[in-house]
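# Structure at a glance
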Amino acid sequence: MAGQQKETGRSHWKSRFGFVLAAAGSAVGLGNIWKFPYITGENGGGLFVLIYLVCILLVGLPIMIAEIMIGRAAQKQPVGAFEELNGGKTIWSAAGWMGVLAGFIILSFYVVVAGWSMDYTLKSIVNFTQPIEKEAAAETDLFIATADMESMQNYLIDKRLADQARMGESLLEREISKRQMDAFARFQAAVSAAEDPEEARRRLLTDEELQQTVTHVEAIQQQMQELRKGIEEQVRADVTGISDETLFRQVRMEKRRELVLAKVGVTFGNLYTNGWQSLMWAFLFMALTVGVVAGGVSAGIERACQILMPTLFALICTMVLYGAFQSGFPAAVSFVFSPDPSRLKPSGVLEALGHAFFTLSLGMGAMMTYGSYQSAKTGLFQEALMITFLDTLIALLACLMIFPITFSYGQEPTAGPGLVFMSMPLAFAEIGTGGMLLSILFFGLLFFAALTSALSLLEVCASYLIDQKDWSRPQAALATGVITLLVAVPSAFDGDPDTLLGTWHADYGKGFFDTVDHLASNWMLPLGGLLIAVYAGWVMPRKLQEAEVKDIPSWMFQGWLFVIRIVAPALVVVVLLQKVGIFDV
Ligand code: PHE
Ligand code: NA
């Protein structure tokens, strides 16, 4: 980014490749490896992923092109860009303003999670999974030494049945809608509360709709029960039939996994509930980010990206390969890729749209700002396509890396923001000595990916002060850093039970940082993106646009114009209005 721009005019990326690297660095971050897998888990997998992919293609990609185009034409960050192109302050400046605000909010929780990745890098260096592994092994040995044959068989039977029950649960959800389930629960409560249950039942069932629901649910429950009886017998026969040696081996594995899972959860919990520690790491991470943005050491970062990004990619591929040999792999693939309407949460569509913006760094001017540091008027479409493809690929691979582990260990995919910190160590623990190295690499690279994204977030806010208010670069970076860190305090204390914010969870149903993430990612980014799309499609002079895209066939430009004018705005408007409750879909 611009080091000495005051004297020499706006500085630019050294090469075309420099821009792609920086933009990809901004796009690929915690959004891909931390957030995408956990929201995919919370939103039920397949269908959510499909909607996300549609949003990427029809909304994200065209808006990425629009942002780079506007930034490059104006040679300014978002607030300045709209003023530059419109010859003064207009309503469009609001888009720029909202972008700066969204940047602050996103960065404020981003630094907390990035701080966790630093904490985990350090933990990995002292090989934190080793004691976990040792304790689990010792406790497993103790369990096996003190248990007789029969209780070991029973242990294995219970484990298998729990797995089956989990699968049955999702089967049940597929057959019975949420509404039916709620109605049935209310019906049961009313019946059991009545003085004369039989009479109450008869009276309530005169309602025809309710009667249908109750019949349907009871029939399915009946079926399930019979099925379960059959399965139970089957499992019992299977387990009692295996040899002693196999029994020992399987009990050992299951028990060890169960213990490791619990201990790894405790490790994350200790960090999450310690607000001061989270804040300390967030501070450290922020200091690094400010240092890079202020000092213009970004040239070094660009160069480091050339090595570290491919390394991250290779590491993820390695872990996907590892996952492919785990027992949970088939379940993971089907979870991520088979669309199942019954598992999608109602808020899933908005979340998928919001995440398409978040993951591609769109809707708040980050790509616009990076585009403004680009001089050569070449390769806008190809570059946008390349960045989008890379980002999407890494997000999908991250799911294929995490969920096989999740399912193999019987961990819930709905584990939430701690998912990546609680699943990856399971695998590293099992791999043993080499696992320590993989663990250091993984969390270290996650930290680095977060840094290159945080840079772009801070850059949007800082370059506003630099371009519009004539601040020096170090001043601007420091000021934005300090303010963001203040906003980050409540996010750091999100899980701390000793503070008011820790209780926010219980009172509000959502953590503080979930709440600000939701506000910024799912509302501000799509709204900002909508304004950018409308501006690029309907307001920006055609001459300016054509100057930016001289090198592509006209059908491609026309296609983009159609999508940015009609399709992308329409999709965003429909999703937002549906959420506001204007109409039912
Ligand atoms: N795209 C980044 C990620 O996926 C986050 C980000 C959002 C960066 C908005 C800049 C602007 O982690
Ligand atoms: Na991303």
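Basis of the calculations
- Residues numbered from 1 in each chain as written.
- Chains lettered and ligands numbered in written order.
- Predicted model: local features only at pLDDT ≥ 70, side-chain atom pairs only at ≥ 80, totals over all residues.
- Axes fitted to C-alpha atoms, helices over the stretch in contact; angles between N-to-C directions.
- Helix = DSSP H or I, 4+ residues; strand = E, 2+ residues; numbered from the N terminus.
- Parallel < 35°, antiparallel > 145°, perpendicular 65-115°, else oblique.
- Left-handed = near helix turned anticlockwise from the far one by under 90°.
- Contact = placed C-beta atoms within 7 Å.
- Nonpolar A, V, L, I, M, F, W, Y, C, P; charged D, E, K, R; others polar.
- Domains from an automatic or database assignment.
- Near = placed C-beta within 6 Å.
- pLDDT = per-residue confidence, 0-100.

Here we come to the packing of helix 20 (residues 433-469) against helix 21 (residues 473-492). Where helix 20 contacts helix 21, the two axes come as close as 8 Å, and the packing angle between them is 130°. When the interaxial angle is binned, helix 20 and helix 21 end up oblique. In this structure, helix 20 crosses over helix 21, and the sense of that crossing is right-handed. Contacts from L458, C461, A462, L465 and I466 of helix 20 reach helix 21 at R473, A476, A477, A479, T480 and G481. Among the residues making up the contact of helix 20 with helix 21, the classes are represented as eight nonpolar, two polar and one charged.

Turning our eyes to something else, we now look at the domain arrangement of the protein chain. Interfaces are often sized by the accessible area lost when the parts come together. Domains assigned within the protein chain are domain 1 (5-130 + 257-580) and domain 2 (154-253). Facing five residues of domain 1, the contacting portion of domain 2 comprises four residues.

Once that is clear, we can look at the site of ligand 1. Around ligand 1, the structure places 15 residues, and the nearest of them are G29, G31, S361, A366 and S453. At the level of elements, helix 2 (16-27), helix 3 (30-42), helix 16 (348-359) and helix 20 are the ones that each hand at least two residues to the shell around ligand 1. Residue classes in the shell around ligand 1 are distributed as seven nonpolar, eight polar and no charged.

The subject of this paragraph is the packing of helix 16 against helix 23 (residues 512-539). It is the contact of helix 16 with helix 23, at a shortest axis distance of 8 Å, that shows an interaxial angle of 65°. Regarding helix 16 and helix 23, the two cross each other, and that crossing is left-handed. Facing helix 16, whose interface residues are L350, E351, L353, G354, H355, F357 and F358, helix 23 presents S521, N522, L525, P526 and G529. Taken together, the residues that form the contact of helix 16 with helix 23 break down as six nonpolar, five polar and one charged.

This brings us to the confidence of the model for the protein chain. Residue-level pLDDT values for the protein chain average 89, and 94% of them are 70 or greater. Looking across the protein chain, the model is least confident in helix 1 (residues 5-8), with a mean pLDDT of 40, and most confident in helix 3, with 96. Interface scoring of the predicted complex returns ipTM 0.99; its pTM is 0.88.

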